[in-house]
Structure formats: C-alpha cells, structure tokens
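# Residue-level structural notes
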Amino acid sequence: MQRGWKAAAMAAVLGVAGAAGAHEFTCEKRVQVKGEGQGKPGEGPKVTKFPATLRFTYRLRNVHPSARSVANVVEDPLLGRYGFGNPFPAPMAVEVGGTRDASFELKLNSVEECQALAASDGKSDDSFDSALQVKWDLGETQCAARVTCCTPFDDCEMACPPDDPYCVETPSDGARSASRNAGFFKVHEGALEQCLALGRIDLGVARVDGLEQALGLLWASPGLDRDGGVRSEEEARRFELAREALVTTCNERLFGASAKRGRTLDEALRSLRGNAGGEGLERLTAELRRHNEAGARGALPGGFDAGRATPAHASSIAADPTEPGHE
C-alpha cells in the first residue's frame, strides 16, 4: 500500500448562470489523509488510523470567457465549527482565467471524533460529505469531497494478502461488532467461563486453562509478580500484551469482534510465543487495547448472559499464570 499524502476528491459542478450574467466559477475540493493509501476512484479517502490529519484544499476558478467574476458567498458549512467555514473572503473578485487557492488542516484524535463529524452532515453512516458552496449574482456552484471514518482495525477495503497464512477473511454484514475491555472481563466471571469453555488460550508467556489463570492475567500488576518482586521492563511489556491478547481472544470468541480480521491478534500471539520485544510489543498492546475498547457501546449478542459483576470474588481467586508452577 502506498504511503504519504495521497489525494482523493469528488467534485460536482452545478453551475447555473443567467444569460446576462457576467460571472461564472467552477470549484474543486480535495481531501488528503496523511499516511493513508488512496481510496477507490470516486469514493474518497478512508481514515483507518488515529490520530489522523485531514488536509482540505480548495481551488476556485473564474471560467467566464471575457470578464472578471465576483463571488458573493464562499462557504463550507460543515467545517464552520472548526473555524474554516469561510475558506475565502467574500465578496472576492477573480480575474479572467484566474484561480484562488486555500487549504486547511484538521486533526482527528479518535474514531469517535471522526464519527461525530460524519454524523454532523445529517446522514446515518460513517462518511461525511463536505461541500464548498460558491454563489455569484446569477448563479452558483458546489464541489464536495467524501471522507469515510473506518472503525479501528478495519481498513474498509483490505483483503487478505495471498502470502499471509495467518490472515482469515470473515464475512461482514456491515454491522459493527460489540467488544468489551479488560475491566469488563476481570469482574464478569460468567463471560470469562464461556470464553474458556471454547478451549485453552496459549499466550506464550502463559497457557490459560481455567478461570483463576485468566483472572490472574486481568488482576495482577504488570510490573510486580505475586511475591512483590519487580518484573523486568521486557517482562512487563509481554505481560501487558498477553492481557490484551486474552481479552481480544474472548471478544472474538464470544462476540465475533476480530481485530483487523484476526491479523493483529495473530501477530501478537506470534510475538508472545517468540522473542519479539521492545516497541513492537507496545505497539501491539496499544492496538489490541483500542480494538477491545472500540465496541464498548455495542449491544451484546441477544441471548448472551455475562452474569453479574463479582469484583471481590474474582480478585480473590485470581492466580497469576506467568509465575513458576502456574504455567
């Protein structure tokens, strides 16, 4: 996939001019997403990683054959809340064949911010259509660009590469899967038991066979062992990754919430079972944690009963499986 600044734009010119009109414009609007690949033609860019920076660029052109054109109104209402509702001053005169350019950068820190922007255009989807409106005495034109906000770890279009044996495609019905984070599973023993009933979970640093071991990963301190000894920095990183991998496994087993269609979890498990370390472990931990929290508001499947929360009992039976004698 190509990286860097890639552009995708959808421009619709709806110019209307009276017979006696001495003004005429066309406009073009483009949106670029830093670090993202180019979307399919006509679809606009897709934001797949956060934080993300969107660069909006505009070009206004006077296409009248013999006279300057004066734009009385130039506005982008959807971006008004971000201080860029009026990218050009108005009224604005443009000479014959002349152009005016403007640009604006908007940072979206999370998928929730992106989805809030998507919702602001009045449509119930994960995309937003931002339109620049240009009006003159006897006509007007618009140009728009669409951006799609992808749920974390779903790039909206990527299929499994042919050389990745660990990638498994899963059908998508367009619905967003529910998921729960470590905080949920550490107090809902019933949910953990249903997850473990589907088989042992080999996390490299530990093999989780039962409820007590799973709770041990969820309740123990990554930095301290059960005797109060200090884990090394590398051991702490591996412990944190194992915890998120456990939670991701249960989200996948119980709710069908698969991180990057399973590829991120597979990479995490390979790292835990091998000798990977350093920043790679931190990256995977952060990615799995975001995935586990992404569907926190999603409704759990009908008929699924997580049982009541039992924090006191859960913590009392937790046994760290990474300790000697508990692997």
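Everything below is about the structure printed above this text.
Residues numbered from 1 in each chain as written. Predicted model: local features only at pLDDT ≥ 70, side-chain atom pairs only at ≥ 80, totals over all residues. Heavy atoms only, no water.

It is possible for side chains bearing opposite charge to pair when their charged atoms get close. For the structure on display, the rule yields 14 salt bridges. With a shortest N-O distance of 2.6 Å, Arg-231 and Asp-320 are connected by a salt bridge. Here Asp-320 lies in the segment after α8 (311-317) and Arg-231 lies in the loop between α4 (211-219) and α5 (233-255), a separation of 89 residues in the sequence. Here Arg-231 and Asp-320 have matching classes, each one buried. When the shortest N-O distance is used, the salt bridge between Glu-233 and Arg-237 registers 2.9 Å. One end of the pair, Glu-233, and the other, Arg-237, are both in helix α5, 4 residues apart, so they sit about a helical turn from each other. Given the relative accessible area of 56%, Glu-233 is considered exposed. The network of salt bridges with common partners includes Glu-233, Glu-234, Arg-237 and Glu-282. (Salt bridge = Lys/Arg side-chain N within 4 Å of Asp/Glu carboxyl O. Helix = DSSP H or I, 4+ residues; strand = E, 2+ residues; numbered from the N terminus. Buried < 20%, exposed > 50% of the residue type's maximum accessible area, 1.4 Å probe, protein only.)

Evaluation of the coordinates by the stated rule reveals 3 disulfides. Shown here is the disulfide that connects Cys-27 with Cys-143, its sulfur atoms set 2.3 Å apart. Classification of the bridge connecting Cys-27 and Cys-143 rests on its S-S torsion, roughly -130 degrees, and on that basis the disulfide is left-handed. Placement of Cys-27 in strand β2 (residues 25-33) and of Cys-143 in strand β10 (residues 139-149) is noted, with a sequence separation of 116 residues between them. By the burial criterion, Cys-27 is buried, and Cys-143 matches it. With a sulfur-sulfur separation of 2.0 Å, Cys-114 is cross-linked through a disulfide to Cys-149. Linking Cys-114 and Cys-149, the disulfide has an S-S dihedral of approximately -80 degrees and is accordingly described as left-handed. Residue Cys-114 is located in helix α1 (residues 111-119), and its partner Cys-149 is located in strand β10; the two are separated by 35 residues in the primary sequence. With relative accessibility at 2%, the residue Cys-149 sits in the buried group. (Disulfide = S-S within 2.5 Å.)

These results come straight from atomic positions and should not be treated as a statement about function.
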